[in-house]
Amino acid sequence: MNPYSNAAHAASIPQEGNPRETEAWALTEAARRMASASRGEPEGMREALRLNWKLWTIFQADLIGKVEAGESSETVVNMLSLCQFVDFHTVASLTEPDAAKLEVLVNINRNIASGLRDSLAREAREAAAAAGVDPAAAAPAPAGAYAPAPGAAHTPISATA
C-alpha cells in the first residue's frame, strides 16, 4: 500500500461546521469504495454496499425529521423518494452483487455530491459578490472534485439546511 495515500485521504476529510461539505465528501467516499469494490469479489461489493446503505439511512432519518418538523419542500420529498430507490436497489444488489448494480449507486452518489459542491460554490460566489469581491476568485473548484457529465441534474441533500 502506498504510504502517501493515507495522508492524501486524511487531507481530503472535510472540516467540521459545514454539513453539505461533509455530505458531499461522504457520498464521494462511498462512491469511491463501491467503484473499487465492483472490480473485486462479491463480499467486498456487499461491504461497500452496506456502508453506502448506512449513509443513505442517515440521510433518510434527517429528511424524515424535517418532514415531521413541518418542512415538506419539493427537495425533501424528492430526496426521500431517492432514499427509497437506494434502499430497494441496495437490497437487490446485496442479494446478487455485480458491477452494473453498483454503478447505478456510484453515479447517484457522485451526482448528488457534485450538486452539493455546486451549491456551496454558488453560495460562496454570491457572498463574495455581496461583499464586493470578485466572485470568480471566491470559490475555486476543490482539487479532485467529481465533475459530472454536462447537463447532469443535481439535487442537493441539504438544499434546505
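These remarks concern the structure in this document. Values in this document were obtained by computation on a predicted structure and should not be read as measured data.

### A look at the environment of Ala99
For step 1, the next point in the chain: Mapped onto the elements, Ala99 comes out in helix α5 (residues 99–130).
For step 2, the next point in the chain: Judged by relative accessible area, which is 36%, Ala99 ranks as partly exposed.
For step 3, the next point in the chain: For Ala99 and Met34, which are 65 residues apart along the polypeptide, the C-alpha to C-alpha distance reads 8.8 Å.
For step 4, the next point in the chain: Ignoring any residue separated from it by four or fewer positions in sequence, one finds Ala99 in contact with Ser38 and Met45.

### A short note on the nonpolar core
For step 1, the next point in the chain: In terms of nonpolar packing, the biggest core is built from 27 residues, with Leu27, Met34, Trp56 and Ile112 touching the most fellow members.
For step 2, the next point in the chain: Those residues in contact with Met34 that lie beyond four places of it in its chain are Ala48, Leu49, Asn52, Leu102, Leu105, Val106 and Asn109.

### Looking at the pattern of salt bridges
For step 1, the next point in the chain: Taken as a whole and judged by the stated rule, the model has six salt bridges.
For step 2, the next point in the chain: Note that Glu29 and Arg33 form a salt bridge whose closest N and O atoms lie 2.9 Å from each other. Taken together, the residues Glu29 and Arg33, both in helix α2 (residues 19–37) and four residues apart, mark about one turn of the helix.
For step 3, the next point in the chain: Given a relative accessible area of 8%, Glu29 falls into the buried group.
For step 4, the next point in the chain: Lys66 is the salt-bridge partner of Asp62, the closest N and O atoms lying 4.0 Å from each other. In this pair, Asp62 and Lys66 are both assigned in helix α3 (residues 42–68), four residues apart and thus about one turn of the helix distant.
For step 5, the next point in the chain: Overlapping salt bridges, with partners in common, bring together Glu29, Arg32 and Arg33 in one network.

### Comments concerning α2
Helical geometry note: an α-helix holds 3.6 residues per turn, so side chains three or four residues apart project in the same direction.
For step 1, the next point in the chain: Compared with the 27 Å implied by 1.5 Å per residue over 19 residues, the 27 Å span of α2 between its first and last C-alpha is a close match.
For step 2, the next point in the chain: Within α2, the full set of buried residues consists of Arg20, Glu23, Ala24, Ala26, Leu27, Glu29, Ala30, Ala31, Met34, Ala35 and Ala37.

### Things to note about the packing of α2 against α3
For step 1, the next point in the chain: Direction vectors running N to C along α2 and α3 enclose 160°, while the axes themselves pass 8 Å from each other. Classified by the interaxial angle, the pair formed by α2 and α3 is roughly antiparallel. The crossing of α2 and α3 is left-handed. For the pair α2 and α3, the contacting residues are Glu23, Ala26, Leu27, Ala30, Arg33, Met34 and Ala37 in the first and Gly44, Met45, Ala48, Leu49, Leu51, Asn52, Leu55, Trp56 and Phe59 in the second.
For step 2, the next point in the chain: In the contact of α2 with α3, the residues fall into twelve nonpolar, two polar and two charged.

Conventions used here
Residues numbered from 1 in each chain as written. Predicted model: local features only at pLDDT ≥ 70, side-chain atom pairs only at ≥ 80, totals over all residues. Heavy atoms only, no water. Helix = DSSP H or I, 4+ residues; strand = E, 2+ residues; numbered from the N terminus. Buried < 20%, exposed > 50% of the residue type's maximum accessible area, 1.4 Å probe, protein only. Contact = heavy atoms within 4.5 Å. Core = buried A, V, L, I, M, F, W, Y, C linked by side-chain atoms within 4.5 Å. Salt bridge = Lys/Arg side-chain N within 4 Å of Asp/Glu carboxyl O. Expected span 1.5 Å × (residues − 1). Axes fitted to C-alpha atoms, helices over the stretch in contact; angles between N-to-C directions. Parallel < 35°, antiparallel > 145°, perpendicular 65-115°, else oblique. Left-handed = near helix turned anticlockwise from the far one by under 90°. Nonpolar A, V, L, I, M, F, W, Y, C, P; charged D, E, K, R; others polar.

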